[in-house]
Each structure stands twice: as C-alpha cells, then as structure tokens.
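# Chains, contacts and geometry: an overview
Spelled out from the first residue to the last, the chains are:
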Amino acid sequence: MSDHFPDLPEVRFEGPDSDNPFCFRFYEPDRLVEGVPMRDHLRFASCFWHTMRNGLGDPFGDPVATMPWEGGRGDSLDLARVRLDAFFELLRKLSIGFWCFHDRDIAPEGDSVAASERNLDAVVSHAEELQRSTGIRPLWGTANLFSHPRYVHGAATADSPEVFARAAAQVATAMEATKRLGGGGYVFWGGREGYSTLLNTDLGLERRHLGRFLELAAGHADAIGFEGSLFIEPKPKEPTIHQYDSDAAACLDFLREFGLLERFDLNIEVNHATLAGHSAEHELRTAALAESLGSIDANMGDDHAGWDTDRFPTDPALAARVMLEVLDAGGFRAGGLNFDAKRRRGSFEPIDLAHAHIAGMDAFARGLLAASAIRADGRLAEMRRDRYAAWDEPLGRRIDAGEATLEDLRDHARDADEPRLASSGQERFESLFWRFL
Ligand code: XLS
Ligand code: NI
Ligand code: NI
C-alpha cells in the first residue's frame, strides 16, 4: 500500500461529540436507515479531476496545490499510475466506495488516437489492480470533450464532422474503459456543446448533431454490452453562454424529441441547478417525475458568486433537501453522490482533501438522517397532501378524470360561491423542516 497521505489515519465513525478531526461525526456506514445501510443510501464517490488534477489555479493566479506525488515525473504514464495510487489510498482511508473519472484525467493524450487509446489502456490496467485490492469501483466514467483545443467549437456540435468523429472515438474508448472497470454509469456533460451568439450558430443543425451523437453512444453501449446507466448532466452556462443541456426540463425535452428518454437518465449537479436559477430539489423532483433521476454531483455554489464554484457540500440543510428527494424517489439504483467539488484555493495542502471529503460526507449523513426522520414523522407530507384535499371531492375528481368540459365548468362556476382559499403556510412548512436538523 502506498503512503502518500502519511498524516491521514483510517477515518471511522466516532459520533457527534468527538473532537478528532479525522473521524465521522454522523456518517456511520453500517447504520441502517429505513432498513438500508447508510453506505448504500449515499453511495459516495470522489472525482479524479478535482481531487487529483486540480492545482487550484484561478483566472488571476497559478496553481498552488501541493501534490508531493507529482514530483519530477513529467506527464508520464508512470505519474498517471502514481496519481491513482495516491487517489485510491485517500479513498480507502475515507471509506469512499466509488470514483468518477474523465479519460484524460487518468491518462495523458498521446500524439495519435491510437496512442491515446494505448495510454488509457495501460492506466486502466493499473486501476483494475487497485480496484481489486480495495473493492472501490467507478460510479461512472466519461470522456473529456472540452479541454483539447480541437474542441474549441464544441465536440458533437462542432462545425467540423472530423471533430465529431474524434469525439465519437473518445467516447467509444472511454465507455469501453468504464465497462472494463465495472462502472455503473457513463456520463455526458455538455462540455462546449452550446453557443455564444446565434449570429454565427446554426441552432437546428447543432441540436440535431447532439441528438445523433447521443444515439450513436447509446448504440455503442448496447453493442459492447455495457449494462450501466447513461446519464446526461444538465448545466445552463459555462463554458458557453448557452449550453444545450441547460436544465433538467430542457434535457428531458431534448431526450423526448430525439427518442432517447428511455435510454438516458439525468445526473443532477447541485451547483448547476443554482446556475440555472433553480434549487437542487427542483431539478431532482423534475427528473424524478419523469422517472429519470439517475445520479447526483454533490457540490454547492456560493451565495456571493454566480459561477460554478464547485464547493464541497458542507451544508446539512441542503443535504437534507436533496436526500428527501432521493428517498422519496426510491433511492439510487446505478447512481450515487459524486463529490464534483474542489477545495478553495487557500486550502492547498494534501490533508485538506481529507477534511473536505469528511465535511461533505458528514453533511450528507446528517441530511440523510434528517430526511428519513421527516419521512417517518409524516407531518410534512401530510400537510402537503392536505393542501390539495379538495381534489378528492366530486368537482376535482371529475376534472382530473377528464370528465368535465370547459362548458360544464362554466355552468358549475356560475352557480358556485366565490372559492374559499386557505393559507399555503410556507413558514409553517419551513419551521417544521428545520426541526429535524
Ligand atoms: C462541469 C461538470 C463536469 C462533469 C463531468 O461543470 O460538472 O465536471 O461532471 O464531465
Ligand atoms: Ni459535474
Ligand atoms: Ni460542474
């Protein structure tokens, strides 16, 4: 076993009163909640890109993260393997059972498509060994179709079919790698699929090509026997001004239009919901109503900044609202909670990676406990049902059953008294919610 985090012990549950910075105060992997171990409700994953490849540079300054394992190895396959060693050591010590990756995070791009494929293959072999000795598996894999200069105009929506073909090659290989590692899902985040001005953009053509790309990818999944789920990850902007996969509703509509709704589920990212002007729970409920709630990128934004800040989700109330949606939707099947999150630039020491993950895991453990207590208590759901009780009376039933015409309703309204309304009681609901935290 590697020793890249010598100061980090194996992190265990010690309870809310512990002062040990390297323990869980709420996350108790084996504790049963609604009859299921916490571990299986939460299905925590860490992402390779932010955890191992983000040097914490920003538009105003250079990378500052200390990464002792990088030392003097260039961008070699050797270094790629050492990074994986360090990553798996961290995950093992934190009891995180899943990981997520882009092809290019884990293996360097070569000078030809075939060379890139060989690089990935070599690194995946190493990952297989680490997975075997730790039991950690990918929650999902994906292809990076946005960093390389060739993707400056997008990948599937580029103005060049040659670029489309390169992107297709990358997805085919990344999906095969995900399958080989036993990944439960494969993600499509829009990358640079979007536009900045319609003056230079053929919107119809670009959307059509994105539909074709997803159809081809689903076809490849079937061809290679990839049994995992395919996820679309909505995001409204960044890097483009208008991303095609802008929010859950837009994605569902897109999938319906191109006949792909059955094949794809959604991977909802909390901070992307914020950017779209929605709450995370709005996005989750929208996905769940379409039976398309697949997975979650668990992070959070910042009240004072309007971009994808990808903070670690350390807010238990946010986690409770998220977990309430997840539990009400029947829990995760293939998906889970992927910390698509990075440390703040000032938190540049390797040990901060541990603190950040522990904080996120404990917040979600608290959120899960609160959400399940809310469900067991039942009052919130009951109060919500009560608001709509009149729909169980004759008039409501007739409307719902499609048995009343507009004319029938006019006749009814002419004879009826002015409707008597009741308060929607937002504050009453909110104060009940907070009692469980
Ligand atoms: C970027 C996205 C990205 C996806 C994976 O904003 O969140 O990290 O999760 O490509
Ligand atoms: Ni994400
Ligand atoms: Ni994001």
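Because the structure is predicted, anything quoted here is derived from the model rather than measured.

### Digging into the site of ligand 1
The environment of ligand 1 is formed by Trp49, His102, Trp140, Trp189, Glu233, Lys235, Glu269, His272, Asp297, Asp308 and Asp340. Contacts to ligand 1 include Glu233, whose side-chain N or O atom sits 2.7 Å from an oxygen atom. Measuring from an oxygen atom of ligand 1, one finds a side-chain N or O atom of Asp308 at 3.1 Å. Computed on the free molecule, ligand 1 has an accessible area of 290 Å², of which 93% lies beneath the protein chains in the complex.

### What about empty space enclosed by the protein?
Taken as a whole and judged by the stated rule, the model has 3 cavities of 30 Å³ or more. Of the voids in this model, the largest cavity is the one considered here, and its volume is about 150 Å³. Lining the largest cavity we find 18 residues, and of these Leu145, Phe188, Trp189, Gly190 and Glu193 sit closest to its centre. Every element with two or more residues in the lining of the largest cavity is listed here: strand E8 (185–189) and helix H7 (203–224). Its residues assigned to classes, the lining of the largest cavity shows 12 nonpolar, 3 polar and 3 charged. A volume near 130 Å³ is recorded for the second largest cavity. Those elements giving two or more residues to the lining of the second largest cavity turn out to be helix H4 (103–106), helix H5 (113–134) and helix H6 (161–180).

### Examining the coordination of the nickel ion (ligand 3)
Each pair of donors in an ideal octahedron of six around a metal sits at 90 or 180 degrees, and each pair in an ideal tetrahedron of four sits at 109.5 degrees. Within the protein, Glu269 (OE), His272 (NE2) and Asp308 (OD) serve as the donor atoms for the nickel ion (ligand 3), at 2.1 to 2.5 Å. Sequence spacing of the donors to the nickel ion (ligand 3): E-x2-H-x35-D. The metal-metal distance between the nickel ion (ligand 3) and the nickel ion (ligand 2) is 3.8 Å, with Glu269 serving as a donor to both. You can see His272 sitting in helix H9 (residues 270–275) and its partner Asp308 sitting in the loop between strand E13 (293–297) and helix H11 (316–328), a full 36 residues away along the chain. On the accessibility criterion, His272 (4% relative accessible area) is buried. Judged by its relative accessible area of 9%, Asp308 is buried.

### Brief notes about the coordination of the nickel ion (ligand 2)
Those donors, Glu233 (OE), Glu269 (OE), Asp297 (OD) and Asp340 (OD), are the protein atoms that reach the nickel ion (ligand 2), and they lie 2.0 to 2.2 Å from it. Coordination geometry of the nickel ion (ligand 2): the 6 donor atoms subtend angles of 79 to 176° at the metal centre, consistent with an arrangement described as octahedral. Donor residues binding the nickel ion (ligand 2) come from one chain and are separated in sequence as E-x35-E-x27-D-x42-D.

### What about a nonpolar patch on the surface?
A surface patch of nonpolar side chains, about 300 Å² in accessible area, is lined by Tyr388, Trp391 and Ile399. Along the chain, Ile399 turns up in helix H14 (residues 394–400).

### Regarding the side chain of Ser46
Looking at the secondary structure, you find Ser46 in strand E5 (residues 44–47). The class of Ser46 is buried, set by a relative accessible area of 0%. In terms of polar contacts, Ser46 uses its side chain to reach the side chain of His357, at 2.9 Å. Apart from residues no more than four positions distant in its own chain, Ser46 is found in contact with Thr51, Phe87, Leu91, Ile96, Phe98, Trp99, Cys100, Asn338 and His357.

### A look at the side chain of Glu269
Mapping Glu269 onto the fold places it in strand E12 (residues 264–269). The side chain of Glu269 is buried and forms no salt bridge, while Lys235, the nearest opposite charge, is found at 6.0 Å. Looking at Glu269, its side chain comes within polar contact range of the side chain of Asn299, at 2.8 Å. Contacts of Glu269, omitting those with residues within four sequence positions, involve Glu233, Asp297, Asn299, Asp308, Asp310 and Asp340.

### Considerations on H6
The end-to-end C-alpha separation of H6 is 29 Å, in line with the 28 Å expected for 20 residues at 1.5 Å each. For H6, every residue scored as buried is listed here: Val163, Phe164, Ala167, Gln170, Val171, Ala172, Thr173, Ala174, Met175, Ala177 and Thr178. Residue Ser160 occupies the N-cap position of H6, its side-chain oxygen lying 3.1 Å from the main-chain nitrogen of Glu162. Gly182 sits one or two positions beyond H6 and adopts a positive phi of about 75°.

### Focus on helix H12 (residues 350–377)
With 28 residues, H12 ought to run about 40 Å at 1.5 Å a step, and its terminal C-alpha atoms sit 42 Å apart, in line with that. At the exit of H12 stands Gly378, carrying a positive phi of roughly 80°.

The rules we used
- Residues numbered from 1 in each chain as written.
- Chains lettered and ligands numbered in written order.
- Predicted model: local features only at pLDDT ≥ 70, side-chain atom pairs only at ≥ 80, totals over all residues.
- Heavy atoms only, no water.
- Near = heavy atom within 4 Å.
- Polar contact = N/O pair within 3.5 Å; in protein donor to acceptor, adjacent residues only side chain to side chain.
- Areas by Shrake-Rupley, 256 points an atom, 1.4 Å probe, with all protein chains shown as cover.
- 1 Å grid on protein atoms, 1.4 Å probe; cavity = no way out; pocket = protein on both sides within 12 Å on 5 of 7 lines; lining within 4 Å.
- Points joined across faces, edges and corners; volume = space filled by probe spheres on them.
- Helix = DSSP H or I, 4+ residues; strand = E, 2+ residues; numbered from the N terminus.
- Nonpolar A, V, L, I, M, F, W, Y, C, P; charged D, E, K, R; others polar.
- Donors = N, O, S within 2.8 Å, 3.2 Å for Na, K, Ca; no water.
- Buried < 20%, exposed > 50% of the residue type's maximum accessible area, 1.4 Å probe, protein only.
- Tetrahedral: all angles 85-135°; square planar, octahedral: opposite > 155°, others 65-115°.
- Patch = residues over 30% accessible without salt bridge, like charges linked within 9 Å, V, L, I, M, F, W, Y side chains within 5 Å.
- Salt bridge = Lys/Arg side-chain N within 4 Å of Asp/Glu carboxyl O.
- Contact = heavy atoms within 4.5 Å.
- Lys, Arg positive; Asp, Glu negative; His and termini not counted.
- Expected span 1.5 Å × (residues − 1).

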